[in-house]
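Here is how the chains run, residue by residue.
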Amino acid sequence: MSYMVMGVSGSGKSTVGRLLAERLQLHFIDADDHHLATSVEKMSQGIPLTDDDRWEWLQKLNHLLQQAENTNQEVVLACSALKGQYRQILGEGLASPLKIIYLHGEEDVLRSRLGNRKGHFMTDVLLQSQLQTLEIPQEALHLNIVHTPEELVTQIMQHFKPDSASPSFTVSSVASLGIIGMGVMGKSLALNLAGKGISVAVFNRTVPGKEEQVAERFAEENQTLPLLPFSELPQFVQALEKPRRILLMVKAGRAVEELLDQIQPLLEEGDLVMDGGNSQYQDTTRRVAEMKTRQVHFLGVGISGGEEGALKGPSLMPGGEKAGYEKVADILNFLAAQDKNGKPCCTYVGPDGAGHFVKMVHNGIEYAEMQALAEAYQLFRYHLNFSPSGIVEEFTKWQESGLNSYLLEITIAILQKQEDGTLLLDKILDAADQKGTGGWSTAAALELGTSLDSIAAAVMARHLSALKEQRVQAATLYGIEPEQLVGVPLLHAQQLKQAFEGVKLINHAFGFELMRQASLQFQWNLNLSEIARIWTNGCIIRSQLMEELVEMLKTEGPLLQHPCIVERLSAIFLPFKETVAAGIKANAALPVSSAALNYFLGYNTVQSPANLIQAQRDYFGAHTFRRTDQPVDQYFHVDW
Ligand code: 6PG
């Protein structure tokens, strides 16, 4: 098995590769020595190489690797290997895959290294083009070039050949990223990055008797990973490479505020702090501005995907200072899930609290989608007499016919989970909790003057669910019970599916419209299609629909007027309406489905009764009105 040390120009791949070959007593190949003369000429004139310039060179290197393998030799190759396709050519025909080491570093560091180089054809002008071409490898050991070549080689050996590494090896005292807060999410994110070879300093507060040595124990449990544990903030901060990059994974609100107060005196100009919790976007906007006055960058990073997402790759929504984002883009992109084209589910969302705003809307859609699924479940179970396994069958059909989503997938799993021979779901109290993001979305819609009916209804449904005792009493007081819909021709499984599709389309339209309004009013320049793209994987609301929205949102205008949505909603309007009507007639509370349908009906009403509202306002308060028989910008008052 051979090694390949890769990275852009200035990353030190030749130095590290040569040293690694020396330490392992292997033959060293420097890809730079094998460039075609025409390519060297081009590069020395500052002209970037194209794919066509590189094919022959890559094939030549692959041939050398094959030759080595055929003669049972391990080699170390140092090569830029910028694209996945290039790495594929380099590894072609090899029985054992290359062990890839990716050296990465800050652009400024790379640039200054190139500036110091003499007699080399690679100019720093070409660095920019290399950075643009670079596709970060997933299957590789990632090492930050802040370490010395000796340290890097020790880390490589420890990773690939733990037995041969020096026994005195300790993880370098410089970490690429610091994570504060070793809750489930903080730990999972640390494991995600450290598992890919990025050194992470981890910190957890000490609460006597409750939280002691949390970071230390976590690092101990994961001894093979480059984790540096701390219980003291000054030491934690000192262990970070500069500019420091710190991710807060603590409870939104007071905890963030307190930590920022403690950490600020320890930071230097140019350092960066990220808040990865579900903070209120207004708080983030304020913090971005406050930290800027202290020359420290602040980013509000929406993170979605729960524990599993954090571990395997979440969807990331960073917002705040662009200059700050650029300092951490490599790590965030590396941490994130990938979309179907292999691009990271991470993008710079916008300035101020835009990242947290977008995450808040994500959660608003999440609330509405969860409630819509709960309503469909309720109709199946209590009004159509379906057994849980029957519902699983129906939901599985939905999953296989265009409505697939992560939330539907977990709902199917939940409906199958047994405990002591009975359905666990039946033992869960029907009172839903919430931490605020759905309500904040609703408040934002009110402030921005845009509609969010079904999302607001989902929040209110959680409030109502929490009133368990009152609900039980009311049912006795009023004597209203669920009625069966069995045998009613108007409602069958297919119609329920179509109704759910209608609700789903409208929920998403609300969410994206809210972001469109925020973008206009706050001048955030949000790219809605790109936001849908980073929501196609890693996050809780990933779905087939989200994939489709990426394309649809490339055109301007409200989603509900997009030809594809118009076609779909028109096709299902009748069963959608009939399902909601029949459900309500059978005493099913359908807050989200009915709110979505109600909005849709209102949206299609040419002559609304709002003229009467205007007349009433003018009657009692002389609030004036506009007339249909006069220019539309003129206001009138009548002595009623
Ligand atoms: C995610 C989730 C997550 C959120 C939970 C719980 O995207 O990973 O949205 O951020 O905390 O869904 O939210 P509630 O407690 O408000 O339901």
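Sequence order sets the numbering: in each chain, residues are counted from 1 along the sequence as written. In keeping with the model being predicted, local features are shown solely for residues with a pLDDT of at least 70 and side-chain atom pairs are shown and tallied solely at 80 or more, while totals for entire chains, interfaces and linings include all residues. Side-chain numbers here rest on the full set of heavy atoms in the structure, without hydrogens or water.

1. A short note on the layout of surface pockets
Part 1 of the reasoning: Size it by volume and the second largest pocket reaches roughly 1,100 Å³.
Part 2 of the reasoning: Lining the second largest pocket are 36 residues, with Leu131, Ile136, Ala329, Asp330 and Asn333 positioned closest to its centre.
Part 3 of the reasoning: Breaking the lining of the second largest pocket down by element, the ones donating at least two residues are strand E4 (99-104), helix H5 (107-115), helix H6 (124-133), helix H14 (322-335) and helix H22 (528-534).
Part 4 of the reasoning: Under the scheme used here, helices are H or I runs from DSSP no shorter than 4 residues and strands are E runs no shorter than 2 residues, and both carry numbers assigned from the N terminus. No other element matches H14, which puts nine residues into the lining of the second largest pocket.
Part 5 of the reasoning: Class assignment for the residues of the lining of the second largest pocket results in 14 nonpolar, ten polar and twelve charged.
Part 6 of the reasoning: Reported domain spans reflect what an automatic or database domain assignment gives. If you count residues domain by domain, the lining of the second largest pocket takes at least three from each of domain 1 (3-167) and domain 2 (177-352). Only protein atoms enter the 1 Å grid used here. Points where a 1.4 Å probe fits but cannot escape make up a cavity, open sets with protein on both sides within 12 Å along at least five of seven lines make up a pocket, and a residue lines them when an atom lies within 4 Å of a point. Grid points are joined across faces, edges and corners, and a volume is the space filled by probe spheres set on the points. Amino acid classes used here: Ala, Val, Leu, Ile, Met, Phe, Trp, Tyr, Cys and Pro are nonpolar; Asp, Glu, Lys and Arg are charged; the rest, including Gly, are polar.

2. Quick look at the packing of helix H11 (residues 254-263) against helix H12 (residues 281-293)
Part 1 of the reasoning: In the contact formed by H11 and H12, the axes pass within 13 Å of each other and the chain directions differ by 5°. Judged on the interaxial angle alone, H12 and H11 are roughly parallel. Residues Val256, Glu257 and Leu260 of H11 lie in contact with H12, whose contacting residues are Arg286, Arg287 and Met291.
Part 2 of the reasoning: Across the contact of H11 with H12, the residue classes break down as three nonpolar, no polar and three charged. Between the N-to-C directions of two axes lies an angle of 0 to 180 degrees, each axis being a line fitted to C-alpha atoms and, for a helix, fitted only over the stretch in contact. Roughly parallel here means an angle under 35 degrees, roughly antiparallel means over 145, roughly perpendicular means 65 to 115, and every remaining angle is called oblique. We call two residues in contact whenever any of their non-hydrogen atoms come within 4.5 Å of each other.

3. A look at the domain arrangement of the protein chain
Part 1 of the reasoning: Assigned domains of the protein chain: these are domain 1 (3-167), domain 2 (177-352), domain 3 (361-603) and domain 4 (609-640).
Part 2 of the reasoning: Using only C-alpha atoms to locate each centre, domain 3 and domain 4 end up separated by 37 Å.

4. Topic: empty space enclosed by the protein
Part 1 of the reasoning: Evaluated as defined, the whole model comprises four cavities of 30 Å³ or more.
Part 2 of the reasoning: Its boundaries defined by the atoms lining it, the largest cavity holds a volume of some 90 Å³.
Part 3 of the reasoning: Around the largest cavity, the lining residues are Ala372, Glu375, Ala376, Leu379, Leu496, Ala499, Phe500, Val503, Thr579, Val580, Leu590 and Ser593.
Part 4 of the reasoning: Secondary structure elements with two or more residues in the lining of the largest cavity: helix H15 (354-383), helix H21 (493-522) and helix H24 (563-585).

5. Brief notes about the sheet that holds strand E5 (residues 141-144)
Part 1 of the reasoning: At least two bridges found by DSSP between two strands is the condition for calling them paired. Within the open sheet, the five strands sit side by side as E2-E3-E1-E4-E5. Their pairing is parallel. Taken across any chain shown, the strands that pair with only one partner, and hence form the sheet edges, are strand E2 (27-30) and E5. Each strand of the sheet is rotated relative to its neighbour by a mean of 20°, with strand direction disregarded.
Part 2 of the reasoning: Summarising the sheet, strand E1 (residues 3-6) and E4 pair through four bridges and their orientation is parallel. For methionine 6, the partnering residue across the bridge sits in E4 and is tyrosine 102.
Part 3 of the reasoning: Sheet strands in contact with helix H3 (residues 51-70) are E2 and strand E3 (75-78), and its direction is about 170° off that of E3.

6. Here we look at the pattern of salt bridges
Part 1 of the reasoning: Whenever a carboxyl oxygen of Asp or Glu lies within 4 Å of a side-chain nitrogen of Lys or Arg, that contact is scored as a salt bridge. Applying the stated criterion across every chain yields a total of 30 salt bridges.
Part 2 of the reasoning: Taking the shortest distance from any N to any O, the salt bridge between glutamate 268 and lysine 242 comes out at 3.4 Å. One end of the pair, glutamate 268, is in the loop between H11 and strand E10 (272-275); the other, lysine 242, is in the loop between helix H10 (233-238) and strand E9 (245-248), with 26 residues separating them in the sequence.
Part 3 of the reasoning: When accessible area is computed with a 1.4 Å probe and restricted to protein chains, residues below 20% of their type maximum are described as buried, those above 50% as exposed, and intermediate ones as partly exposed. Accessibility expressed as a relative area gives 52% for lysine 242, which makes it exposed.
Part 4 of the reasoning: One salt bridge connects glutamate 547 with lysine 340, and the closest N-O pair in it is separated by 3.5 Å. Of the two residues, glutamate 547 sits in helix H23 (residues 544-552) while lysine 340 sits in the loop between H14 and H15, which places them 207 residues apart along the sequence.

7. So, the packing of aromatic side chains
Part 1 of the reasoning: Aromatic rings from Phe, Tyr and Trp, taking only the six-membered ring of Trp, are treated as a pair when their centres fall within 6.5 Å; an angle between ring planes under 30 degrees marks them as stacked, one over 60 as edge-to-face, and anything in between as tilted. Under the defined criterion, the tally for this structure stands at 23 aromatic pairs.
Part 2 of the reasoning: An angle of 75° between the planes, with centres 5.9 Å apart, marks the rings of phenylalanine 380 and phenylalanine 395 as edge-to-face. Of the two residues, phenylalanine 380 is situated in helix H15 and phenylalanine 395 in helix H16 (residues 388-400); the sequence distance between them amounts to 15 residues.
Part 3 of the reasoning: Phenylalanine 380 sits in the buried class, given a relative accessible area of 0%.
Part 4 of the reasoning: The buried category is assigned to phenylalanine 395, whose relative accessible area is 0%.

8. A few points about unusual backbone geometry
Part 1 of the reasoning: For the peptide bond that leads from lysine 242 to proline 243, omega is -10°, which places it in the cis range.
Part 2 of the reasoning: Structurally, the position occupied by proline 243 is in the loop between H10 and E9.
Part 3 of the reasoning: Even without being a glycine, asparagine 525 presents a positive backbone phi close to 55°.
Part 4 of the reasoning: Counting through the fold element by element, asparagine 525 comes out in the loop between H21 and H22.

9. So, the side chain of arginine 54
Part 1 of the reasoning: As for its position among the elements, arginine 54 is in helix H3.
Part 2 of the reasoning: The convention is simple: Lys and Arg are positive, Asp and Glu are negative, and His and the chain ends are not counted. Aspartate 51 is the oppositely charged side chain nearest to the buried, salt-bridge-free arginine 54, at an N-O distance of 4.5 Å.
Part 3 of the reasoning: Once residues within four sequence positions are removed from consideration, arginine 54 is found in contact with Leu49, Leu82, Tyr86 and Thr133.

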